[in-house]
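Here is what each chain is made of, one letter per residue.
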Amino acid sequence: NFTSVVFDQAVPPNYNGTNTFTAPVTGRYFFAYNIRLDGLDVTSTGGTMQLVTTSKTYQSNKLNYGAIRVAVDNDVCMGASTFASMTAGDTAFVQCQITGVAADTVSILNNPDATYFSGYLVC
């Protein structure tokens, strides 16, 4: 969940305050997102991060997160951005999945400096 909203100028808001953006009008939108994963180890052999919209999923990272983690802290920050065509009422959210974990040990740091999701209408 991305719970720290810096600003949302729409009334009612286009962002629901936890994880989903709803396009107010049809157009092209720019999205940027970053996730800090904590608790990774060598068994975290796979993973994906993607932006999921009503009409399309944008794959941004498909990696062996355990191999690229900072071993001292067992964490990694991954970010991406994309342009998405959306119709009014379409939704967008970020999804991250880690595979190969021996136990449910991977966490997403809930800190707006390291984990964030933003978007705006381009045209």
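Residues numbered from 1 in each chain as written. Predicted model: local features only at pLDDT ≥ 70, side-chain atom pairs only at ≥ 80, totals over all residues. Heavy atoms only, no water.

We now examine the pairing of strand S3 (residues 46–53). Across the eight residues of S3, eight count as buried, placing the element largely inside the fold. The alternating pattern of S3 places Gly-46, Thr-48, Gln-50 and Val-52 and Gly-47, Met-49, Leu-51 and Thr-53 on opposite faces, both of which are buried. Of the strand pairs in this sheet, S3 and strand S6 (residues 91–99) are connected by eight bridges, and their pairing is antiparallel. Residue pairing in the sheet places Leu-51 in a bridge with Val-94 of S6. (Buried < 20%, exposed > 50% of the residue type's maximum accessible area, 1.4 Å probe, protein only. Helix = DSSP H or I, 4+ residues; strand = E, 2+ residues; numbered from the N terminus. Pairing = 2+ DSSP bridges.)

Membership of the largest hydrophobic core comes to 22 residues, with the highest contact counts inside it found for Phe-31, Met-49, Leu-51, Val-94 and Phe-117. Elements supplying a minimum of two residues to this core: strand S2 (27–38), S3, strand S5 (75–86) and S6. Sequence-distant contacts of Val-94, defined by excluding residues within four places in its chain, comprise Phe-2, Tyr-33, Ile-35, Met-49, Gln-50, Leu-51 and Phe-117. (Core = buried A, V, L, I, M, F, W, Y, C linked by side-chain atoms within 4.5 Å. Contact = heavy atoms within 4.5 Å.)

As far as function goes, none of this settles anything; it's purely spatial.
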